[in-house]
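Chain by chain, the residues:
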Amino acid sequence: MIPVEIPPNTVMLKGIGWDSDIYLVRDGDEALIIDTGTGTYWNRYAEVWEREGYLNGVRRAVIFNTHEHFDHVGGNSAIRGWLERRGIKVLFAAHRKTAEVLEGQEDYVILSFYYGRRYEAEKISFKLRDGDVLKIGALRFELMHTPGHTAGSSCLYEPGEKLLFTGDTVFKGTVGRTDLPTGSRTQLAESIRRLEGLDVYLGLPGHGGLIRDWEENLRTVKGMLGL
Ligand SMILES: [Zn+2]
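Per-chain numbering applies: the sequence of each chain, read as written, is numbered from 1 onward. Local features are withheld for residues below a pLDDT of 70 in this predicted model, meaning they are given only at 70 or higher, and side-chain atom pairs are given and counted only at 80 or more; totals for whole chains, interfaces and linings count all residues.

**Q** Help me out: how do you make sense of the overall build of the chain in this one?
**A** When you go through the chain residue by residue, the secondary structure sums to seven helices and 14 strands. Computed over its C-alpha atoms, the radius of gyration of the chain comes to 16 Å, within 12% of the 17 Å expected for a compact globule of 227 residues. Taken along the three principal axes of its C-alpha coordinates, the chain extends 50 × 35 × 30 Å. Every one of the 227 residues in the chain was classed for burial, and the buried ones make up 47%. For the chain, the share of sequence-separated contacts (at least 6 apart) that also reach a separation of at least 24 residues comes to 64%. Only runs of H or I of at least four residues qualify as helices and only runs of E of at least two qualify as strands under DSSP, and these elements are numbered from the N terminus. All radius of gyration figures rest on C-alpha atoms, and the globule criterion is 2.2 Å times the number of residues raised to 0.38. Residues with at least 20 other C-beta atoms within 10 Å of their own are called buried, those with 12 or fewer are called exposed, and the rest are partly exposed. The C-beta atoms themselves are positioned from the backbone. Residues are treated as contacting if the C-beta atoms built from their backbones sit within 7 Å of each other.

**Q** For this particular structure, what's the right way to read the environment of Ile124?
**A** Relative to the helices and strands, Ile124 is located in the loop between helix 5 (107-110) and strand 7 (126-128). In sequence terms Ile124 and Ser154 are 30 residues apart; their C-alpha atoms lie 15 Å from each other. Other than its neighbours up to four places away in sequence, Ile124 contacts Phe92, Ala93, Ala94, Ala99, Leu102 and Glu103.

**Q** I tried to follow the environment of Ser77 on my own but got confused; where do I start?
**A** Mapped onto the elements of the fold, Ser77 is located in helix 3 (residues 76-85). A count of 16 C-beta atoms within 10 Å places Ser77 in the partly exposed class. C-alpha separation for the pair Ser77 and Ala121, spaced 44 residues apart in sequence, amounts to 7.9 Å. Apart from residues lying up to four places away in sequence, Ser77 is in contact with Glu120 and Glu122.

**Q** Is there a simple way to explain helix 6 (residues 185-195) in this structure?
**A** Given 3.6 residues per helical turn, the α-helix brings residues three or four places apart onto the same face. Of the positions making up helix 6, those classed as buried are Leu188, Ser191, Ile192 and Leu195. Take helix 6 and look down its axis: the buried residues cluster within an arc of 100°, on one side only. As for helix 6, its buried residues are in contact with strand 12 (170-171), strand 13 (174-175) and helix 7 (214-224). Each direction from the helix axis to a C-beta atom contributes to the arc, which is the arc of those directions.

**Q** Even after reading the chapter, I still don't get the sheet that holds strand 2 (residues 10-13), so can you show me in this structure?
**A** What links the strands of a sheet is backbone hydrogen bonding, and the strands pair in either a parallel or an antiparallel sense. Pairing is mixed across the open sheet formed by seven strands, whose spatial order is 1-2-3-4-5-6-7. Pairing within the sheet leaves two strands with one partner each, and these edge strands are strand 1 (4-6) and strand 7. Averaged over all pairs of adjacent strands, the angle between strand axes in this sheet comes to 20°, irrespective of strand direction. Here strand 4 (residues 30-34) runs beside strand 5 (residues 60-65); their pairing, made up of five bridges, is parallel. Within strand 5, the residue paired with Ile34 across the bridge is Phe64. The criterion for strand pairing is that DSSP finds at least two bridges linking the strands in question. Every angle, taken between N-to-C directions, lies between 0 and 180 degrees, and every axis is a line fitted to C-alpha atoms, over only the stretch in contact when it is a helix.

**Q** Where do I start with the sheet that holds strand 9 (residues 139-145) in this structure?
**A** Pairing is mixed in the open sheet, where five strands are placed in the order 8-9-10-11-14. Two strands bound the open sheet, and with one partner strand each, they are strand 8 (133-136) and strand 14 (202-205). Between one strand axis and the next, the sheet turns by 25° as a mean value, whatever way the strands run. Where strand 8 and strand 9 come together, four bridges link them in antiparallel fashion.

**Q** Would you explain the nonpolar core in this entry?
**A** Within soluble globular proteins, side chains that are nonpolar generally end up buried alongside one another. If you look at the biggest cluster of nonpolar residues, it comprises 56 residues, and the most contacted ones within it are Ala31, Leu32, Ile33, Phe64, Ala94 and Phe165. Non-local contacts of Ala31, meaning those with residues more than four positions away in its chain, are made with Leu24, Val25, Arg26, Leu55, Val58, Ala61 and Ile136. In this description, a nonpolar core means buried residues of the types Ala, Val, Leu, Ile, Met, Phe, Trp, Tyr and Cys, linked to one another by C-beta atoms lying within 7 Å.

**Q** So what exactly am I meant to see when it comes to the pairing of strand 10 (residues 154-158) here?
**A** In summary, the side chains of a regular strand alternate between the two faces of the sheet. Most of strand 10 sits inside the fold, with four of its five residues counted as buried. Sheet topology places strand 10 next to strand 11 (residues 163-167); three bridges connect them, and they run antiparallel. Bridging across to strand 11, Leu156 finds its partner in Phe165. A loop of four residues connects strand 10 with strand 11, the two strands running antiparallel in sequence, and Lys162 in this loop sits at a positive phi of about 60°.

**Q** Help me out: how do you make sense of the pairing of strand 2 in this one?
**A** Where strand 1 lies against strand 2, three bridges are found, and the strand directions are antiparallel. Bridging from a neighbouring strand, Val4 pairs with Met12 of strand 2. Hairpin geometry of strand 1 and strand 2 is characterised by an intervening segment of three residues between the two adjacent antiparallel strands. With four bridges joining them, strand 2 and strand 3 (residues 22-27) adopt antiparallel strand pairing.

Spelled out as structure tokens, the structure:
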């Protein structure tokens, strides 16, 4: 597996199989991991982090889930366990609606049954609201609540490098589906409108590759939603 390095702080690992892509952002002795895949291949990702030394010197990690679907949260427990065995303190963060579903182990919303699994509940320390800021070293990540794909779906914006982690809200060329539990096309359209006007250099979605032409991509997906 070849990591995609996005200087100066970010590394993307392409999800294997049904797994979401997994992002690691590092600053000083703190790290942010965005989504964890289904958990089936967690050791493959850990191997790359280990081999490349991405976590050397990290003392504290926050695992942020962009939303409550199993292909983004199924690896939470395994990756937490692995980080803790390396002496790293781990805390979880998510929008409070995603946190509610995950802590309540609502497998029907999490879609665990698609994968023949149950979600292993983890305590979520940071139950975020729209506009809250997650600090990792000197970096700031602003949470934008963007419901539509699910009720708790959210994006993380890093204004320094103008990165936007979009989860399953926006992909390259399309948007997340809205026919799953707690999904809403109307809400998704409103969320996409909220992303307009944001200064984005690079979009980093949960699947399907980076969005390098943010403005044009936004025009495309708006057209798809009839906006
Ligand atoms: Zn999803």
